[in-house]
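# Geometric and topological summary
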Amino acid sequence: MNAAASNHSNAPLLVRSETAESLQDGATSLITLLADAGATGGALTANKATFQKGSPGAPAHFHTKATEMFFVLDGTMRILVDAEVLTLDKGDFLTVPPTVPHAFAPAPGSEAEMLVVFTPGLERFDYYRLLERVHRGEATVQDIRDSSQQYDNHYFDSPVWSKALAEH
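Residues numbered from 1 in each chain as written. Predicted model: local features only at pLDDT ≥ 70, side-chain atom pairs only at ≥ 80, totals over all residues. Heavy atoms only, no water.

So, on to the nonpolar core. Judged by nonpolar contacts, the single largest core of 30 residues is most densely connected at F70, M77, I79, F104, M114 and Y128. Sorting the residues of this core by element identifies strand 2 (29–35), strand 3 (45–51), strand 5 (67–81), strand 7 (93–96), strand 9 (112–119) and helix 1 (125–136) as the ones contributing at least two each. With near-sequence residues (within four places) excluded, M114 lies in contact with N47, K48, A49, F51, F70, F71, V72, L73, M77, I79 and F104. In terms of nonpolar packing, the next biggest core, distinct from the first, is built from six residues, A60, L80, A103 and W161 among them. (Core = buried A, V, L, I, M, F, W, Y, C linked by side-chain atoms within 4.5 Å. Buried < 20%, exposed > 50% of the residue type's maximum accessible area, 1.4 Å probe, protein only. Helix = DSSP H or I, 4+ residues; strand = E, 2+ residues; numbered from the N terminus. Contact = heavy atoms within 4.5 Å.)

Below is the structure:
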């Protein structure tokens, strides 16, 4: 049983850590791909996000089609929800419904690791691969902007989040 063998929602999906694809989406962050919509019959998409100290995390954005869930596996995260910045510690769980603005990064001085799940699932693995290509200089930020409808990522400027990131 593995990701390649399962592509409908009523079949179990097992992703072994040693075979999961990991992507360097920035100098201080890593995304481990766990389950994309095609492997779960559209039920969910999941990844593990790992952040080093000082990582900028994900900028302010929202999704129109999916709820995004965050479970802090280790460390401390700051997460923007609407106009409020929350601090989540190891073991904390948060859901963000469609259209609610959010952003996330490790708290100052903290490394962190999170499980991130979208439901219903969206085909997002190619979006994460695009982020890695931008990090490597093989694609541009404009490519990310151009993909906003395809991957349901809608970015915007958040003065609240900018202020939070500036605080150490």
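Time to look at the pattern of salt bridges. Under the criterion given, the structure shown has four salt bridges. One salt bridge connects R129 with E21, and the closest N-O pair in it is separated by 2.7 Å. Taken together, the positions of R129 in helix 1 and E21 in the segment before strand 1 (22–26) put the pair 108 residues apart, joining distant regions of the chain. For E21, a relative accessible area of 32% puts it in the partly exposed group. (Salt bridge = Lys/Arg side-chain N within 4 Å of Asp/Glu carboxyl O.)

This next bit is on helix 1. In a regular helix each residue adds 1.5 Å, so twelve residues correspond to 16 Å; helix 1 covers 17 Å between its end C-alpha atoms and thus fits that length. Within the span of helix 1, buried status applies to F125, Y127, Y128, L130, L131 and E132. (Expected span 1.5 Å × (residues − 1).)

The next subject is the side chain of S110. Here S110 lies in the loop between strand 8 (102–106) and strand 9. Judged by relative accessible area, S110 falls into the buried class, the value being 12%. Among the polar contacts made by the side chain of S110, one reaches the main-chain amide nitrogen of T76 at a distance of 3.1 Å. (Polar contact = N/O pair within 3.5 Å; in protein donor to acceptor, adjacent residues only side chain to side chain.)

Right, let's get into the pairing of strand 1. Taken together, the four bridges between strand 1 and strand 2 define a ladder with antiparallel strand orientation. By the bridge assignment, Q24 is partnered in strand 2 with L30. Counting the residues in the hairpin turn of strand 1 and strand 2 gives two residues. (Pairing = 2+ DSSP bridges.)

Our focus in this paragraph is the packing of aromatic side chains. Applying the stated criterion across every chain yields a total of five aromatic pairs. For the ring pair F62 and F156, a centre distance of 6.3 Å and an interplane angle of 45 degrees mean the geometry is tilted. Taken together, the residues F62 in strand 4 (residues 58–62) and F156 in the loop between strand 10 (154–155) and helix 4 (159–166) connect sequence positions 94 residues apart. You can call F156 partly exposed: its relative accessible area is 29%. Taken together through their ring pairs, the aromatic side chains of F51, F70 and F104 make up a single cluster. For the cation-ring pair, R78 lies above W161, with the distance from its terminal atom to the ring centre recorded as 6.0 Å. (Phe/Tyr/Trp six-rings, centres within 6.5 Å; stacked < 30°, edge-to-face > 60°. Lys NZ or Arg CZ within 6 Å of the ring centre and 35° of its normal.)

Of note, E138 is situated in the loop between helix 1 and helix 2 (141–146). As a C-alpha pair, E138 and D74 span 64 residues in sequence and 31 Å in three-dimensional space.

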